[in-house]
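Examining the three-dimensional arrangement
One-letter residues, chain by chain:
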Amino acid sequence: MKTKKLVMIPGPTPVVRSIQDQMGRETVAFGDPDFVKDYKDLLTDMKEMWGTSGEVFVIAGTGTMAMEMAIANTLKAGDNLLIVSQGFFGDRFIDLCKRKGINVDIIGSEWGTIVPVADIEAKLKEKNYKAVTATHVDTATGVAAPIKEIGEVISKFEDTLFIVDGVCATAAEPEYVDEMKIDVLLTGTQKAFGVAPGLAIVWAGPRALERRKALGTIPEYYIDFEKWLPIMQDPSKYFATPAINLIWALKESVRLIKEEGLENRYKRHEKNARAMQAALEGLGFNLLAQKECRAVTLSNVLYMEGIDDVEFRKVLAEEGIVVAGGLGAYAGKMFRLGHMGNIDIHDMVSVIATIERALYRSGKDVELGKGVGILMKELLKQGKSE
Ligand SMILES: *Cc1c(COP(=O)(O)O)cnc(C)c1O
């Protein structure tokens, strides 16, 4: 018999039955009054739950498109942008922005560490930046940036907008748009929301919407805020066909989040991540991200001596979990384990047990059950598992 394969990569994440069911529904007209109401209710929830006095855009596309949407609506050719990068996805803004003729300065960190907030402040004093981008969790490194602190610093600079890539963070790492002084927060559905890939989500605060207006006509068409604003305010209107089934799926994800409580969801992610990370370390692995800045959404796990990346991930898949390989200089040297979204205690225990079996099959002297024991002790120590 074939073992079930849990998809534990940093997106797409496992999609629970009730969300799958929404994708399997019979598609209706985009003007269908029931669908229009569902879309409208979803947008209202998204704005309230993430606390913005601006707008939210939910349209077909991926996280990368959401990155482009954030940039296209706030910056024009010749503007200065400061890119705070903690890895591969932070760097993605470089090419994206250079193609638009934006002048980019990059402030990066060694993989596994964060860019000190004081360095960002010093940089902002050097010249007039129209915006700063920061990646909340860089999926390549498993590092979480101190978004609240960065927002505080940027808010001292009147002309500078704060753009946050939340693709591997939103719905798992605490994010409050207005309160954290975020002007644009962007994400996709396939990571901590636990929905299939296909929707881009962009929150734009009042300052970002003002900036968009001041830009006049922009070169981009499909991702123009001005094209979508009338639809987000009244989803019975048409600009481009909404991804009806995915919108239903996201609505179900948001319903589940409301049922759990957004705060509780943040706490669950923190608890699960710390337990998983302790268990991985107990098995002898080192993690790429330094302890003080570890993400709750994934772990970037460095191989110990004598483990072959391709072979190890093959064995893991045979034993029942799919993980992702390392990126950049860490290709072949680590694996990336997602633990975000709608995963439960069964998934968690199963994952660590699978990793133990793979270590055993790789000829490592592993004490079977050690990781499972640490994981469960950590979860119980921190209170009832959820
Ligand atoms: C996955 C990811 C992206 C890219 O999203 P796609 O949906 O693959 O386009 C961007 N930023 C971060 C931080 C990510 O983790």
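As annotated in an unreviewed UniProt entry, the chain carries the name Alanine--glyoxylate aminotransferase family protein and comes from Alkaliphilus flagellatus. Under the UniProt heading Sequence similarities (unreviewed entry), the entry covering the chain gives this text: "Belongs to the class-V pyridoxal-phosphate-dependent aminotransferase family." Under the UniProt heading Cofactor (unreviewed entry), the entry covering the chain gives this text: "pyridoxal 5'-phosphate".

**Details of the site of the ligand**
In the vicinity of the ligand there are 13 residues, among which Thr-64, Thr-139, Asp-165, Gln-190 and Lys-191 approach most closely. Here Thr-64 contributes a side-chain N or O atom positioned 2.5 Å from an oxygen atom of the ligand. Measuring from a nitrogen atom of the ligand, one finds a side-chain N or O atom of Asp-165 at 2.7 Å. Here the ligand loses 89% of its free accessible area of 380 Å² to cover by the protein chains. For the shell around the ligand, a count of residues per class yields 5 nonpolar, 6 polar and 2 charged.

**Some points on the domain arrangement of the chain**
Segmentation of the chain into domains returns domain 1 (6-12 + 262-380) and domain 2 (17-260). Look at where the C-alpha atoms of domain 1 and domain 2 centre, and you get two points 28 Å apart. Contact with domain 1, which involves 28 residues of that partner, is made by 33 residues of domain 2. For the pair domain 1 and domain 2, the summed buried surface comes to about 2400 Å²; carbon and sulfur atoms form 59% of the total. Together, Leu-262, Arg-265 and Tyr-266 form the three largest contributors to the area buried by domain 1 at its contact with domain 2, with a combined 26%.

**A few points about the sheet that holds strand E15 (residues 334-338)**
As summarised here, the arrangement of the 4 strands in space is E11-E12-E15-E14, forming an open sheet in which the pairing is antiparallel. If you trace the sheet from one side to the other, it starts and ends with strand E11 (286-287) and strand E14 (324-325), each paired once. Pairing of strand E12 (residues 298-302) with E15, which is carried by 5 bridges, proceeds in the antiparallel orientation. Residue pairing across strands places Leu-302 opposite Met-334, the latter belonging to E15.

Criteria and cut-off values
As a convention, each chain's residues are numbered from 1 in the sequence order in which they are written. Whole-chain, interface and lining totals are the exception, using all residues; otherwise, since this is a predicted model, local features are given only for residues with pLDDT of at least 70 and side-chain atom pairs are given and counted only at 80 or more. Heavy atoms throughout the structure, all of them, feed into the side-chain values; hydrogens and water do not. UniProt positions are given in the numbering used here, feature names are shortened, and annotations may be inferred rather than shown by experiment. The criterion for a residue being near a molecule or strand is simple. One of its heavy atoms has to lie within 4 Å of it. The term polar contact refers here to a pair of N or O atoms within 3.5 Å; inside protein, the definition further demands a hydrogen-donor-capable atom paired with an acceptor-capable atom, and it admits residues adjacent in sequence only when both atoms are side-chain atoms. What sets the accessible areas is the Shrake-Rupley method with a 1.4 Å probe; for residues, cover comes only from the shown protein chains. Polar here means any residue outside two lists: the nonpolar Ala, Val, Leu, Ile, Met, Phe, Trp, Tyr, Cys and Pro, and the charged Asp, Glu, Lys and Arg; Gly therefore counts as polar. Boundaries between domains were set according to an automatic or database domain assignment. Whether two residues are in contact is decided by their heavy atoms, any of which lying within 4.5 Å being enough. Buried area adds together the accessible area that both of two parts lose upon being put together, with accessible area traced by a 1.4 Å probe. Think of it this way: DSSP has to see at least two bridges between two strands before they count as a pair. A helix here means a DSSP run of H or I that spans at least four residues, while a strand means a run of E at least two residues long, and both kinds are numbered starting from the N terminus.

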